[in-house]
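Residues per chain, in single letters:
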Amino acid sequence: MSNRKTSKPMKRVTLTVDPDDYSEIDALARRSNVSASWLIRQSMREFLERHAGNDRLEIPLVREER
């Protein structure tokens, strides 16, 4: 994981998520002694690193049901 400088201001975003997904994120964050925001930022960073260098994402046309 990259060691990003925290000297630049953070960008605030608003997103809408499924309540069940958020409950799972929040519970995992609490068990890990971090905030849900931190866990989401960390997840975003991992996603970006995993897809670094890709021109685009392969996005399925049909959403998988849980």
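Residues numbered from 1 in each chain as written. Predicted model: local features only at pLDDT ≥ 70, side-chain atom pairs only at ≥ 80, totals over all residues. Heavy atoms only, no water.

Participant: Help me understand the overall build of the chain in this model?
Facilitator: On a plain count of helices and strands, the chain comes out with two helices and zero strands. Here the chain holds 66 residues, and the buried ones make up 5% of them. Accessible surface, the chain: about 6,800 Å² in total, of which carbon and sulfur atoms supply 52%. (Helix = DSSP H or I, 4+ residues; strand = E, 2+ residues; numbered from the N terminus. Buried < 20%, exposed > 50% of the residue type's maximum accessible area, 1.4 Å probe, protein only. Areas by Shrake-Rupley, 256 points an atom, 1.4 Å probe, with all protein chains shown as cover.)

Participant: Honestly, helix 1 (residues 19-31) in this entry has me stumped. Any pointers?
Facilitator: Because the α-helix completes a turn every 3.6 residues, residues three or four places apart line up on one side. Its 13 residues place the ends of helix 1 18 Å apart at the C-alpha level, agreeing with the 18 Å of an ideal helix rising 1.5 Å per residue. Two to three positions downstream of the cap, the backbone nitrogen of Asp 20 sits 2.8 Å from a side-chain oxygen, assigning the N-cap of helix 1 to Asp 18. Taken from the residues just after helix 1, Asn 33 is the one with a positive phi, measuring 60°. (Expected span 1.5 Å × (residues − 1). Polar contact = N/O pair within 3.5 Å; in protein donor to acceptor, adjacent residues only side chain to side chain.)

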